[in-house]
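Secondary and tertiary structure notes
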Amino acid sequence: MPAVSFQQVEKTYSGARGTFRALDGVSFDIEPGEFFGLLGPNGAGKTTLISILAGLTRPTGGRVTVMGHDVQRDEAAARKSLGIVPQELVFDPFFSVREALRIQSGYFGVRNNDAWIDELLAELGLTDKADANMRQLSGGMKRRVLVAQALVHRPPVIVLDEPTAGVDVELRQTLWAFIARLNREGHTVLLTTHYLEEAEALCHRIGMLRKGQLVALDRTAALLSASASTMLRFKTDQALPPAMAPQARITGRIVQLKARDAADVEGQLAALREAGVKIEDLEIGRADLEDVFVEIMRSGAPAAQAVAA
Amino acid sequence: MIRLAGARTLFYKEVLRFWKVAFQTVAAPVLTAMMYLLIFGHVLQDRVQVFEGVGYTSFLIPGLVMMSVLQNSFANSSSSLIQSKVTGNLVFLLVSPLSHWAWFVAYVGASVVRGLVVGFGVFIVTVWFAPPAFAQPVWIIVFAALGAGMLGALGLIAGLWADKFDQMAAFQNFIIMPMTFLSGVFYSVHSLPPFWLQASHLNPFFYMIDGFRRGFFGTSDVSPWLSLGVVGTAFVVVSAIALHLLKTGYKLRP
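Basis of the calculations
Residues numbered from 1 in each chain as written. Chains lettered and ligands numbered in written order. Predicted model: local features only at pLDDT ≥ 70, side-chain atom pairs only at ≥ 80, totals over all residues. Helix = DSSP H or I, 4+ residues; strand = E, 2+ residues; numbered from the N terminus. Rg over C-alpha atoms; globule rule 2.2 N^0.38 Å. Buried ≥ 20, exposed ≤ 12 C-beta atoms within 10 Å, placed from the backbone. Contact = placed C-beta atoms within 7 Å. Axes fitted to C-alpha atoms, helices over the stretch in contact; angles between N-to-C directions. Parallel < 35°, antiparallel > 145°, perpendicular 65-115°, else oblique. Left-handed = near helix turned anticlockwise from the far one by under 90°. Nonpolar A, V, L, I, M, F, W, Y, C, P; charged D, E, K, R; others polar. Pairing = 2+ DSSP bridges.

1. Structural notes on the overall build of chain B
Of the regular secondary structure elements, chain B holds 10 helices and 0 strands. Whereas a compact globule of 254 residues would reach a radius of gyration of roughly 18 Å, chain B reaches 18 Å, a difference of no more than 12%. Each of the three principal axes of chain B carries a C-alpha extent, and together these read 60 × 35 × 35 Å. Across the 254 residues of chain B, 50% fall into the buried class. Once local pairs closer than 6 in sequence are excluded, the contacts in chain B between residues at least 24 apart make up 83%.

2. What about the overall build of chain A?
Along chain A, the regular secondary structure elements total 11 helices and 14 strands. A total of 309 residues make up chain A; the buried ones form 41% of that total. The contacts of chain A with a sequence gap of at least 6 include a subset with a gap of at least 24, amounting to 70%.

3. Examining the packing of helix 9 (residues 204-217) of chain B against helix 10 (residues 224-248) of chain B
Residue and element names in this part refer to chain B. Where helix 9 contacts helix 10, the axes come no closer than 9 Å and their chain directions differ by 135°. Taken together, the axis directions place helix 9 and helix 10 in an arrangement best described as oblique. Crossing handedness for the pair helix 9 and helix 10: left-handed. Residues Pro204, Tyr207, Met208, Asp210, Gly211 and Arg214 of helix 9 pack against Pro224, Ser227, Leu228, Val230, Val231 and Ala234 of helix 10. Considered class by class, the residues forming the contact of helix 9 with helix 10 number 8 nonpolar, 2 polar and 2 charged.

4. Describing the sheet that holds strand 2 (residues 18-30) of chain A
All names here are of chain A. Strand order in this open sheet of 4 strands is 2-1-4-5, and the pairing throughout is antiparallel. The open sheet terminates on both sides in strands that have one partner only, identified here as strand 2 and strand 5 (69-70). Here strand 4 (residues 61-66) pairs with strand 5 via 2 bridges, running antiparallel. When the sheet's bridge partners are listed, Thr65 is paired in strand 5 with Asp70.

5. Some details on the pairing of strand 1 (residues 4-15) of chain A
Strand residues, when the strand is regular, have side chains that alternate between the two faces of the sheet. Residues and elements named next belong to chain A. Both strand 1 and strand 4 contribute to a ladder of 5 bridges, which runs antiparallel. Counted as the bridge partner of Phe6 is Val64 from strand 4. The pairing of strand 1 with strand 2 spans 10 bridges and is classified as antiparallel. Across the sheet, residue Phe6 finds its bridge partner in strand 2, namely Phe28. In this antiparallel pair of consecutive strands, strand 1 and strand 2, the connection spans 2 residues.

6. Some details on the pairing of strand 13 (residues 254-259) of chain A
Residue and element names in this part refer to chain A. Relative to strand 13, strand 11 (residues 230-235) is paired through 6 bridges, and the arrangement is antiparallel. Following the sheet pairing, Arg233 is matched in strand 13 by Gln256. Strand direction decides the pairing type here: strand 12 (residues 249-251) and strand 13, joined by 3 bridges, are antiparallel. Note that in strand 13 the partner of Ile250 across the bridge is Val255. Here strand 12 folds back onto strand 13, and the loop between the two strands holds 2 residues, one of which, Gly252, carries a positive phi near 65°.

Laid out in structure tokens, this is it:
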């Protein structure tokens, strides 16, 4: 039995300006104990999919289960199996950190949970803030409390929706160390993030959404090796030759070009020299997840072979 | 068992929420009611007599107590929900396994507690202005609890419906306020012109206040059993609507 199963999930929003298909028949499973990354540009449908999983939104079609429980027909059991860290930095200003955690625990029917609450506070570096009011905490501290709230009932499946957006390096490391530990202990983790190096480092498997459709689904290593394996990176202040520019990924002064093999690298360098483009800091390296992501998002149709795998 | 514990936690949280700001949620409405009593009671004490042998101040106190109960019960569930919706922290509840019954019992229960606490506070500070009577105290308890329950459920509906604070203010100012003021808090409806007398009989708040007052003086504009029937029916209807909205996830789970 998969930990999470999405089956032909559809979501259409109807409004005054017409209808919008946020999700268009998304199907995939996450196995128990997996660390799964869900990637996609803004508006691809990631948060909608997670909202349906959490019961915050109803699907227009299809079915979602958590640990075998249908999120609509058996919602109490499904929600008890899930711990969600929401994307928005929300908090209840009336309560202290400990009160918020006790209340959240109580909603799930778990009383006298202070031993686990203390452990969560310690793991997330919140012990000295336990009695502080939520309003007094910094953004990063509030984010930690959100993580603690999601874990307070020890759910088998943990969902993190952009948990490191706007978070400092220290918290990111604390958070990932803790989540990785929970994953090793058997918790299933579903992560959405914009930081692709995080996804590459943490996730066993990755799914990519584009305009409400699943356009890639594979093991992280397989996605990386299926892509063009070599990347040519350099800096320049000049414009690239017209034939080369459409293939390049340009971030400020940094230019990245895909290359099939060594001969291809040589050819590209020759073309640059011929065009009189002066380059600095030349690197030749392996493609990373960001390269794969950009490639898949650029191609119009779903990457059929990636989905099939 | 789990759902019971969950509902109990939500009830506790809702009571704790208003209790932490009791100055604003309990002391302020008590002060307001006392101001009404000071001003209206002082001005009208020797001019208006509603029931035989009952001074105007004595007549006014139960009305003010009940008005405070009703307004604060409504305010509790409605403001808690709209605040949680606007600030987004309702998500903590939405991801929980609590059933629609748990939501209903907890929100309405906490509203009843707030209404009764404020009502009791108003009674304590106003009782010094005129000696109280308790002719039929059972009616006092029955109408206070039922009225608070109905307004708590109505607040739940308003809280679910409103997306913004100004919509909530409109609900409060254009529905709740006129219905409380036109219910006979400050007067007997029999002193109204015929049209407004008829209109008052369509207002469930009138029966709440009339039945509640019956408990103090043993006399009322209409039979307390009729009032009980109307208020009981109103409570059941409003509760059924609130439960239906919660069950279908109206505006909660789009």
